[in-house]
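Architecture at a glance
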There are 2 protein chains.
Amino acid sequence: MKIIGTAAPRVDGVEKVTGRAKYTGDMIVPGMLEGKFLRSPYAHARIVNIETSAAQAMPGVVAVLIGKDLTGFDPYIGRGKRKDRPLMAIDRVVYAGEPVAAVAAVDNRTAQAALDAIIVEYEERPAVISIAEALADGAPQLHSFAQKNICFQDELIKGDVQAGFAAADDIVEDTFEFPMVYHYSMEPHTSIAKEDDQGITVWSSNSHPFGVRKEIAEIFDLPLSRVRVLIPFVGGAYGSKSGSKIEPLVVALARRAGRPVRVRTGVAEAMMTVRRHSAICKVKTGFKKDGTLTAKEAEVFLNTGAFAETGPIVTGRTLTRILGPYRIPNIKVTSYCIYTNTVSAASFRSIGGPQTAWATESQMDIIAAKLGMDPLALRRKNLLRKGEELKPKGNPLDADLFKGLDEVAKAMEWDGPTTHDGGGRGVAFGVTDPGAPLASTSTVHVLADGSVVLLTGTVELGQGSKTVMSQIVAEELSVPLQRVTVRAIDTDFTPFDRSTGSSRSTTVMGKAVLLAARDARRQLVELAAEHFEAPPDAITLNNGGASAGGKEITYGEMIHRHFAMQGGELIGTGYAHSGMAPTPSNPLFWEIGIGAVEARVDRETGEISVEKYISAADVGKALNPPQCEGQDEGAVMMGIGHTFYESVVYEGGQIVNDSMLEYQVPNFKDLPARFEAILIEDGNGPGPYGAKGMGEGGIIPVAPAVANAVAWSTGARIKELPLTPERVWSALRKIHQG
Amino acid sequence: MKIIGTAAPRVDGVEKVTGRAKYTGDMIVPGMLEGKFLRSPYAHARIVNIETSAAQAMPGVVAVLIGKDLTGFDPYIGRGKRKDRPLMAIDRVVYAGEPVAAVAAVDNRTAQAALDAIIVEYEERPAVISIAEALADGAPQLHSFAQKNICFQDELIKGDVQAGFAAADDIVEDTFEFPMVYHYSMEPHTSIAKEDDQGITVWSSNSHPFGVRKEIAEIFDLPLSRVRVLIPFVGGAYGSKSGSKIEPLVVALARRAGRPVRVRTGVAEAMMTVRRHSAICKVKTGFKKDGTLTAKEAEVFLNTGAFAETGPIVTGRTLTRILGPYRIPNIKVTSYCIYTNTVSAASFRSIGGPQTAWATESQMDIIAAKLGMDPLALRRKNLLRKGEELKPKGNPLDADLFKGLDEVAKAMEWDGPTTHDGGGRGVAFGVTDPGAPLASTSTVHVLADGSVVLLTGTVELGQGSKTVMSQIVAEELSVPLQRVTVRAIDTDFTPFDRSTGSSRSTTVMGKAVLLAARDARRQLVELAAEHFEAPPDAITLNNGGASAGGKEITYGEMIHRHFAMQGGELIGTGYAHSGMAPTPSNPLFWEIGIGAVEARVDRETGEISVEKYISAADVGKALNPPQCEGQDEGAVMMGIGHTFYESVVYEGGQIVNDSMLEYQVPNFKDLPARFEAILIEDGNGPGPYGAKGMGEGGIIPVAPAVANAVAWSTGARIKELPLTPERVWSALRKIHQG
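This one's a predicted model, so the numbers in the text were calculated from it and none came from an experiment. (Residues numbered from 1 in each chain as written. Chains lettered and ligands numbered in written order. Predicted model: local features only at pLDDT ≥ 70, side-chain atom pairs only at ≥ 80, totals over all residues. Heavy atoms only, no water.)

What chain A contains, in helices and strands, is 18 helices and 31 strands. For chain A, whose C-alpha radius of gyration is 27 Å, the value lies close to the compact-globule estimate of 27 Å for 738 residues. Expressed along its principal axes, the backbone C-alpha trace of chain A runs to roughly 90 × 75 × 45 Å. Going through the 738 residues of chain A one by one, you find that 65% of them count as buried. The long-range fraction of contacts in chain A, counting pairs at least 24 apart against all pairs at least 6 apart in sequence, stands at 80%. Split by element, the accessible area of chain A, about 25,300 Å² in all, is 50% carbon and sulfur. Computing the positive centroid from 77 side-chain charges and the negative centroid from 87, chain A places the two 2 Å apart. (Helix = DSSP H or I, 4+ residues; strand = E, 2+ residues; numbered from the N terminus. Rg over C-alpha atoms; globule rule 2.2 N^0.38 Å. Buried < 20%, exposed > 50% of the residue type's maximum accessible area, 1.4 Å probe, protein only. Contact = heavy atoms within 4.5 Å. Areas by Shrake-Rupley, 256 points an atom, 1.4 Å probe, with all protein chains shown as cover. Lys, Arg positive; Asp, Glu negative; His and termini not counted. Charge placed at Lys NZ, Arg CZ, Asp CG, Glu CD.)

Turning next to the pattern of salt bridges. One pass over the structure, following the stated rule, counts 90 salt bridges over all chains. Linked through salt bridges whose partners overlap, the residues forming this network are Glu 413, Asp 415, Arg 425, Glu 598, Lys 612, Arg 674 and Glu 676 of chain A. (Salt bridge = Lys/Arg side-chain N within 4 Å of Asp/Glu carboxyl O.)

On to the sheet that holds strand E21 (residues 484-486) of chain A. All names here are of chain A. Reading across from one edge, E21-E20-E19-E26 is the order of the 4 strands in this open sheet, with mixed pairing throughout. Here the strands that pair on one side only, and so sit at the sheet edges, are E21 and strand E26 (569-576). Along the sheet, successive strands turn relative to each other by an average axial angle of 20°, direction set aside. Where strand E20 (residues 452-456) and E21 come together, 3 bridges link them in parallel fashion. Bridge assignment links Val 452 to a residue of E21, and that residue is Val 484. (Pairing = 2+ DSSP bridges. Axes fitted to C-alpha atoms, helices over the stretch in contact; angles between N-to-C directions.)

What follows concerns the side chain of Thr 491 of chain A. Turning to its location among the elements, Thr 491 of chain A is positioned in the loop between strand E22 (489-490) and helix H14 (505-532). Setting aside its immediate chain neighbours within four residues, Thr 491 of chain A contacts Pro 209, Phe 210, Arg 213, Val 227, Arg 228 and Val 229 of chain A.

What follows covers the interface of chain A and chain B. By a widely used convention, the size of an interface equals the accessible area lost when the partners come together. Counting from both sides, the interface comprises 49 residues of chain A and, opposite them, 49 residues of chain B. Across the chain A/chain B interface, buried area totals approximately 4,200 Å², and carbon plus sulfur atoms make up 56% of it. Scanning the region where chain A abuts chain B turns up 4 salt bridges. The shortest N-O distance in the salt bridge between Asp 492 of chain A and Arg 487 of chain B comes to 3.1 Å. Linking chain A with chain B are 22 residue pairs in polar contact (both at pLDDT 80 or more), by the criterion used here. At the level of elements, strand E19 (440-447), E20, helix H15 (555-562) and E26 of chain A are the ones that each hand at least two residues to the side of chain A that touches chain B. Among the elements that line the side of chain A that touches chain B, the one with the most residues is E26 of chain A, at 6 residues. (Buried area = accessible area lost by both parts, 1.4 Å probe. Polar contact = N/O pair within 3.5 Å; in protein donor to acceptor, adjacent residues only side chain to side chain.)

The two copies are related by a screw motion: chain A maps onto chain B through a turn of 180° and a shift of 0.0 Å along the axis, at an RMSD of 0.0 Å. Both copies of the chain, as the preceding transformation shows, are related through a two-fold rotation axis. When C-alpha distances to the rotation axis are compared across chain A, the minimum falls at Phe 493 of chain A, with a value of 3.1 Å. Looking at chain A, 100% of its interface residues are interface residues in chain B too, so the copies touch through the same face. (Least-squares fit on C-alpha atoms with pLDDT ≥ 70 in both.)

What follows covers H14 of chain A. Residue and element names in this part refer to chain A. Counted at 1.5 Å a residue, the expected span for H14 with its 28 residues is 40 Å, and the 38 Å between its end C-alpha atoms agrees. Of all the bends in H14, the greatest, near 30°, is centred on Lys 511. Two residues or fewer after H14 comes Glu 533, characterised by a positive phi angle close to 50°. (Expected span 1.5 Å × (residues − 1). Bend = angle between axes of the 7 residues up to and from the residue.)

With 198 residues, the main nonpolar core has Leu 477 and Ile 539 of chain A together with Leu 477 and Ile 539 of chain B as its most contacted residues. Contact partners of Ile 539 of chain A, with chain neighbours within four places excluded, come to Val 525, Ala 528, Ala 529, Phe 532, Ala 534, Ala 546, Ser 547 and Ala 548 of chain A. Core analysis: the second largest hydrophobic core is formed by 120 residues, Ile 367, Leu 378, Leu 383 and Met 637 of chain A among them. (Core = buried A, V, L, I, M, F, W, Y, C linked by side-chain atoms within 4.5 Å.)

Residue and element names in this part refer to chain A. With 13 residues, helix H13 (residues 465-477) ought to run about 18 Å at 1.5 Å a step, and its terminal C-alpha atoms sit 18 Å apart, in line with that. Burial analysis of H13 places 13 of its 13 residues in the buried class, which makes it a mostly covered element. Ser 478 sits one or two positions beyond H13 and adopts a positive phi of about 55°.

Structurally, Ser 440 of chain A is set in strand E19. In sequence terms Ser 440 of chain A and Lys 511 of chain A are 71 residues apart; their C-alpha atoms lie 8.3 Å from each other. With residues up to four places along the chain from it excluded, the contact list for Ser 440 of chain A reads Phe 496, Asp 497, Arg 504, Val 508, Met 509, Ala 512, Gly 574, Tyr 575 and Ala 576 of chain A together with Phe 563 of chain B. A polar contact of 2.5 Å, which involves the side chain of Ser 440 of chain A, links it to the side chain of Asp 497 of chain A. A polar side-chain atom of Ser 440 of chain A sits 2.9 Å from a polar atom in the side chain of Arg 504 of chain A.

Turning our attention to the packing of helix H10 (residues 353-371) of chain B against helix H11 (residues 375-382) of chain B. Residue and element names in this part refer to chain B. Where H10 contacts H11, the two axes come as close as 9 Å, and the packing angle between them is 110°. Put simply, H10 runs roughly perpendicular to H11. Between H10, through Glu 361, Met 364, Asp 365, Ile 367, Ala 368 and Leu 371, and H11, the contact on the second element is made entirely by Pro 375, Leu 378, Arg 379 and Asn 382. (Parallel < 35°, antiparallel > 145°, perpendicular 65-115°, else oblique.)

All names here are of chain B. Judged by pairing direction, the sheet is antiparallel, and its 3 strands sit side by side in the order E23-E24-E25 without closing on themselves. In this open sheet, the two strands that pair with only one neighbour each are strand E23 (540-542) and strand E25 (551-554). Across the sheet, the mean angle from the axis of one strand to that of its neighbour is 25°, orientation sign disregarded. Across 4 bridges, the pairing between strand E24 (residues 545-548) and E25 is antiparallel. Across the sheet, Ser 547 pairs through a bridge with Glu 552, a residue of E25. Along the sheet, helix H15 (residues 555-562) makes contact with E23, E24 and E25, crossing E25 at roughly 75°.

Turning our attention to the confidence of the model for chain A. Summarising the model, chain A shows a mean pLDDT of 96, and 99% of its residues fall at 70 or more. In the predicted assembly, ipTM is 0.97 and pTM is 0.97. (pLDDT = per-residue confidence, 0-100.)

With that out of the way, let us pick up the side chain of Glu 187 of chain A. Residues and elements named next belong to chain A. Secondary-structure assignment places Glu 187 in the loop between strand E10 (170-178) and strand E11 (190-196). For Glu 187, a relative accessible area of 9% puts it in the buried group. For Glu 187, the contacting residues outside a window of four places in its chain are Tyr 23, Thr 24, Gly 25, Ser 205, Phe 233, Val 234, Gly 235, Gly 236 and Lys 241.

Attention now goes to the packing of aromatic side chains. In the structure shown here, the tally under the stated rule is 29 aromatic pairs over all chains. For the pair Tyr 613 of chain A and Phe 675 of chain A, a centre-to-centre distance of 6.2 Å together with 90° between the ring planes defines the contact as edge-to-face. Note that Tyr 613 of chain A is positioned in strand E28 (residues 608-618) and Phe 675 of chain A in strand E31 (residues 674-680), a separation of 62 residues in sequence. On the basis of an interplanar angle of 10° and a centroid distance of 4.9 Å, the ring pair of Phe 301 of chain B and Tyr 336 of chain B is categorised as stacked. Of this pair, Phe 301 of chain B sits in strand E16 (residues 293-305) while Tyr 336 of chain B is found in strand E17 (residues 330-339), placing the two residues 35 residues apart along the sequence. The buried category is assigned to Phe 301 of chain B, whose relative accessible area is 10%. By the ring-pair criterion, three or more aromatic residues cluster together here, those being Tyr 182, Tyr 184 and Tyr 663 of chain A. The ring of Phe 233 of chain A has Lys 466 of chain A lying over it, and the distance from NZ or CZ to the ring centre is 5.4 Å. (Phe/Tyr/Trp six-rings, centres within 6.5 Å; stacked < 30°, edge-to-face > 60°. Lys NZ or Arg CZ within 6 Å of the ring centre and 35° of its normal.)

Pasting the structure below:
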């Protein structure tokens, strides 16, 4: 292979680094108004009255929209199993930050002035912010259909967990807490909407263009063909832009205004739009003296906020994620998705992964410490082998975890969980089924000058998809990479793709792109066979041309001839569909991340320094190794964020750290002193050339690996994130006092 | 068939009649400037100097472009066999109206003021306007490479024309003149251009989006994939928008301005952009006493204006068109394409058709009159039979002309060329090879809610292509017509099409659309067979659903299931390519129009009134009969224009009738008192369901049919168009005087 496996440069790199790339917020749609949302200051309240007349009378204000105006269409949206979210508050608010009014005006200043002139009369109600508050007896209920604020619950049972505990030599029982985390995409939520005879058009910073199309079509009762979603450059997503967020409300506002409307949010508003689930995991594990696990019982509580969103899906996913990659004969896991009066939680890089691994992988080292075993030895004792079933039934593991662990241990120069000079070492696994949905379609077009166009619905979020997809096309068609152009996404033209997320793009869309390119290649070979009057297997394609028997012809010339010297185009089509998975219930692939850390704790301040971080990702095949490394390192750095700093803090029902000054994310100074990403390439993936998803595995192990290192180094076992110096210092102090 | 052959309403009708349809001139591109061209007042001059500093200094003027600024790219363009047209005048002007400077400014007023401030110093040169002037000894030469101002010439020889004349009992020799005619599309030329990192984008009112893409790519040296052409609604074309007209200059202006530029022209400027070839046809025909033709010798002179454009193609086409649909054993035709200092002539509904038929079909009645034969009888004597070769070699006729003539005669109640009350009757054929190029590609997309999207590069010019293409898709996919959406053209996404013209769209693109729809249908049947576990031939598709064994499922549901319940899309692909024609040199089809007229002449005023007009078109299969009738009636009315009124008049090198007040086109009062379009459906076309092109045939016979009726009624044979009352009156006077 000439292009696959190489460090092909980013095809969208120059536009991005020169600042010429146009994001949704840079778009200007003729006649466009600026829209703004007025948001509830209360976490839970009845809306008694909204007085909009002063705002409406302001010069330059074109439309004011409030909940009672949401008529003529279905004002509720729901991506999970509950359709519980109105486009904006209708007669009550259920979280602080919920939009209660929207204004479209000629400019932002006027829109803001109009918001300021809207008077909302609220009748405050008691709110529940934490899981404990939500589950308390007599707690206020968010939704009438959800008993005890339980949005969704599910359980997983295998064997007999009581018998398993009875057979154990020892049992540990711990509770772990994981905070609310904000995605912090560089670009917050921004959308433009317009409606005309053709239907509804939305420009948006979103990673699910076809999901947004479907939701808008459902809400506003239009066929899919009459809703158009265009995706300009996107500045990061990490799950925050999976499915409709502000889009339906912007559409409703544009409809009311009778003109296009643009809404650009900032960080504070984005934090009021979506976040990661905070979680409490209660885990009880039984084990033999030799370390063999006998039983695991767990309760997982996810704080899903005001609306279900993808909460039920995340909840379902925690059932297996809490198990880790270990052989456990007896299991009982119950997971609860809990409504609270907070911002809705939804998808976030590895849904339910970091929360559950935080518990399971921390507890593995608690067990190792109890047994006096090396934590790697304990893991090796229980680690599933390739082909073993990870879930109770089916779903065999597709990777050799021992090999990965050995590579990590070697790179870490592991000789035990403590270093000779008092540092600690920790390791953790992230083994998850990302649940990559199987539905991607793509077309590859070879034009009459031999240039190649790829239509793919995968959104370039910064992950490098445009580059990788171009590489696949260039490789399959035997053309130079520069000859391939990937079109921006416009659902009026771009073939369907389920979504960009779930680590699916290279694997699933990549497959559709591969098949489309091969379909185009087949046609090129047919044309060449016709031209050279040679059998297809005598044709060689190379560098944009075909040859046979020592004669050559360019693709462009062949196409031109085939189409009677009048130009022309060859179109290859590729689908990735249900036939791609072995069985419907099996995951397409397991995503494997392994993290190992060497850390040191300043016992004066409680500050942890990461001396070394080794991350290993089972990528199947690295189509572009530097991009894979970048993905994995980025995932680790994002894990460093929630490990050390990140937590959306609520006080009195309000987010109190809703700016980038108060909500700290990692930066360059947080890079581990030594930082290595290992790519394991076993060709074991179902994607092109054996590739598999790898964008999420790296984030999962960070927190437990660091906490384990801290525990081995200091004896302090911390079960709540983030590992702030204060929290570490307190834990150290408790040990010394105890 | 349920939808083909029905009077399906125009799918774009509501938007057009409500005025909500957006044409190029309605488009606003953010940051767009308004562009205007300064045009030469001289027909032929050297440009001594252009002083632009005052214009450039004006506030609001962003760019001034003159010929010497056309650097860094190839400033010449040529669609025919000569690449002779600069984007704008470089150091000389060769026709009055040629752009010599272009300005981009913040608004039109400023742009106009800047034009007014540009001082051009010309050194006038002698100009040639007419064919006679151009061919005269010592005439000024337009292009150094063109001896005697002959841009192109070609000849057709069959048999021995001298022997043919020797064998004749009588010979007639006549010279016919056909005027310059303006297309008068309701919408003049309008384009917007911008350039950015992606390449060049052009919005234009053009019927050759892919032709414009290719020309822009060639001029500015970009791959096809980096030039994007978008076609909003178009208000008519008739050949005037075939290939680049103002587009390359608008691109050059936008590049110089560094911002998008829009140029909207009016009627006067459109008349300075393109027109139909005026022609002089000298025809000598030998015949036997019984009417059998023995020989034909003809010289055709086309006034092609300042640049070749498609002139050479038009010239080549006249070689056969001058023959008419008659059996002539000995032929010698020579056609000349002549440069003059006038606006370039190019494609116009039936290139070279009306000019040559004007000669040939007039002369047939001159012969009939000489022989005292009924003109229908003379024609029947010489008419080619279906399958007979029309050109010297190959190209068998695909229609039964006798049947068509009989139908027309019957509808006309023909009992001779004069009516009982002194009126006259005339008939004429239009039998041409429209030269439909074979290169169209299309995709049909079935979405997960069963809605259907068609991507086709055929431009809806008002001819109804969107409706007909929708009908083909709906018929093939067994869905209601309303479920099909045809996307606007965007060459970044729309699959390649050669052009909209040459009567090719229903036949050639229709075939590609049919094949794309059948490809999608095949996939639907496969999905249904899989779903019902039934053989494909047990599947019935109907009304958007599949059924087998009494069970039903919608397309949407099938697609949804196939793509793992995650949405999805089926994509059908269709190509029309060289394989569609029997042999490369054969025309894809013959386009047949027959016109018969009954007219009366006011001998006081010379005014002709058309009492009855019967037009017959051999359509193969009328996919939408009212649209076919509309096309044919529209063609006849356009013919009525050049028959009675239309002529671009030059005086002193200038067009003197460059407004709609002075250049008269037909209107409702010109409708024949009785007007009938007969559709002959023999299923003999190579297009979908046996269809063939029929948009051009109707215009050809009008002028000779009317002139023949006038001659039979009055004895006055007029050989020059238009048949103005003055010209008819003069002819009548000459008879009475003679």
